[in-house]
Amino acid sequence: MIKKCLFPVAGYGTRFLPATKSMPKEMLPVVNKPLVQYGVEEAIAAGLTDIGFVTGRGKRAIADHFDVNYELEHQIMGSTKEQYLESIRGVMANGSFSFTRQTEMRGLGDAILNGRRLIGEESFGVVLSDDLCVCEEGSDGVLTQMVKLYKQFRCSIVAIQEVPEDQIHKFGVIAGEQIKEGLFQISNMVEKPPAEEAPSNLAIIGRYILTPDIFDIIENTSPGKNGEVQLTDALLTQAKDGCVLGYKFKGRRFDCGSVDGFVTATNYVYENVYK
Ligand code: UTP
């Protein structure tokens, strides 16, 4: 079964400058927990306990977050403050963490290709941790929902959601045939199309399950939109040669890579999850 999950975290996070000038965007806290920890918790809950990060320069804080801080922990040992470390200690006890670097920001496809040495020849999950996904308490997280589908269909799966027309140009957008409620066999995909050229209002969000043939496909994919190697282009090739499914997940997704989405997520999590 799927055990590995890749976290591409090399991006510059320019929409969040100046906060992200020397701090990784993935370490921005939603209430009291960094974004990346929400994603890692979701992956571990889905059984994806081998976590691989594709990092870049200036991202050391992420590696430190998933490591012991002896001095701090010694200082608060035995005090009531220790409870604040509970969630990260749980994550560290249940996951293992590996790191590789993307030396040039050549796009999400390239970041994933850099993760190949951490994944090998097996299917794996991908989480873009600036997409924060929240599901109802007690129900499956988005990756858990997708792993269940993978067991049935054994092909790449992308999480999708309906987005309003004025937002469509920010996403990869799919077209496909609905094979059952909320599940589409993808026939077309376009990265960040103008609304009038979008094949539907179904947008890809930052959760994927990918079969390992994607690596060779990415290697043979030329840079696309913005001169970046687009995962969407590679997925379209995979969809045309075989099968890629689009899954309308159950839950809410917040774009925490944008200031508006981040503030909405913070308010939502504070009211509905944290309290
Ligand atoms: P984004 O475009 O949302 O992230 O990429 P960004 O580039 O950091 O943000 P802005 O647009 O400048 O504000 C989606 C995800 O892919 C990763 C990012 O870290 C983010 O998690 N990524 C993107 C890489 O790891 N490498 C890349 O070359 C591009």
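What you see is a predicted model; the values in this text were computed from it and never measured. (Residues numbered from 1 in each chain as written. Predicted model: local features only at pLDDT ≥ 70, side-chain atom pairs only at ≥ 80, totals over all residues. Heavy atoms only, no water.)

Caption draft 1: Layout of the packing of aromatic side chains. Scanning the entire structure with this criterion turns up nine aromatic pairs. Taken together, a centroid distance of 5.5 Å and an interplanar angle of 45° make the contact between F7 and F53 tilted. Taken together, the residues F7 in strand 1 (residues 4-8) and F53 in strand 4 (residues 50-55) connect sequence positions 46 residues apart. With a centroid separation of 6.5 Å and an interplanar angle of 20°, the aromatic rings of F53 and F97 are classed as stacked. Taken together, the residues span a long stretch of sequence, with F53 in strand 4 and F97 in strand 5 (residues 96-101) at a distance of 44 residues. In this structure F53 comes out as buried when scored by relative accessible area, which is 0%. The structure contains a cluster of three or more aromatic residues connected by ring pairs, namely F7, F53, F66, F97 and F99. Above the ring of Y38, the side-chain terminus of K33 is found at 4.7 Å from the ring centroid. (Phe/Tyr/Trp six-rings, centres within 6.5 Å; stacked < 30°, edge-to-face > 60°. Helix = DSSP H or I, 4+ residues; strand = E, 2+ residues; numbered from the N terminus. Buried < 20%, exposed > 50% of the residue type's maximum accessible area, 1.4 Å probe, protein only. Lys NZ or Arg CZ within 6 Å of the ring centre and 35° of its normal.)

Caption draft 2: Just empty space enclosed by the protein, in detail. In this structure the tally under the stated criterion is one cavity of 30 Å³ or more. Volume-wise, the largest cavity comes out at about 30 Å³. What lines the largest cavity is A10, G11, Y12, G56, R57, K59 and M105. Split into classes, the residues belonging to the lining of the largest cavity amount to three nonpolar, two polar and two charged. (1 Å grid on protein atoms, 1.4 Å probe; cavity = no way out; pocket = protein on both sides within 12 Å on 5 of 7 lines; lining within 4 Å. Points joined across faces, edges and corners; volume = space filled by probe spheres on them. Nonpolar A, V, L, I, M, F, W, Y, C, P; charged D, E, K, R; others polar.)

Caption draft 3: Summary view of the side chain of S123. Among the secondary structure elements, S123 is positioned in the loop between helix 6 (116-119) and strand 6 (124-127). Here the side chain of S123 touches Y150 through a polar contact of 2.8 Å, side chain to side chain. When near neighbours in sequence (up to four residues on either side) are disregarded, S123 contacts I2, Y150, L210, T211 and P212. (Polar contact = N/O pair within 3.5 Å; in protein donor to acceptor, adjacent residues only side chain to side chain. Contact = heavy atoms within 4.5 Å.)

Caption draft 4: Expanded view of the packing of helix 1 (residues 35-45) against helix 4 (residues 86-94). At a minimum axis distance of 10 Å, the contact between helix 1 and helix 4 shows a crossing angle of 45°. Our classification of the angle between helix 1 and helix 4 gives oblique. For the pair helix 1 and helix 4, the crossing hand works out as left-handed. Across from Q37, V40, E41 and I44 in helix 1, the residues of helix 4 making contact are S87, I88, V91 and N94. For the contact of helix 1 with helix 4, the class distribution of residues is four nonpolar, three polar and one charged. (Axes fitted to C-alpha atoms, helices over the stretch in contact; angles between N-to-C directions. Parallel < 35°, antiparallel > 145°, perpendicular 65-115°, else oblique. Left-handed = near helix turned anticlockwise from the far one by under 90°.)

Caption draft 5: Looking closely at the pattern of salt bridges. This structure, assessed with the given rule, holds 18 salt bridges. Residue R116 pairs with E219 through a salt bridge whose shortest N-O separation is 3.6 Å. You can see R116 sitting in helix 6 and its partner E219 sitting in helix 8 (residues 214-219), a full 103 residues away along the chain. By relative accessible area, which is 23% here, R116 ends up partly exposed. For R253, the salt bridge is made with D131, and the minimal N-O distance between the two is 2.8 Å. Here the residue R253 occupies a position in strand 13 (residues 252-255), and D131 occupies one in strand 7 (residues 131-134), the gap between them amounting to 122 residues. Judged by its relative accessible area of 16%, R253 falls in the buried class. Through salt bridges with shared partners, a single network forms among R116, E121, D216 and E219. (Salt bridge = Lys/Arg side-chain N within 4 Å of Asp/Glu carboxyl O.)

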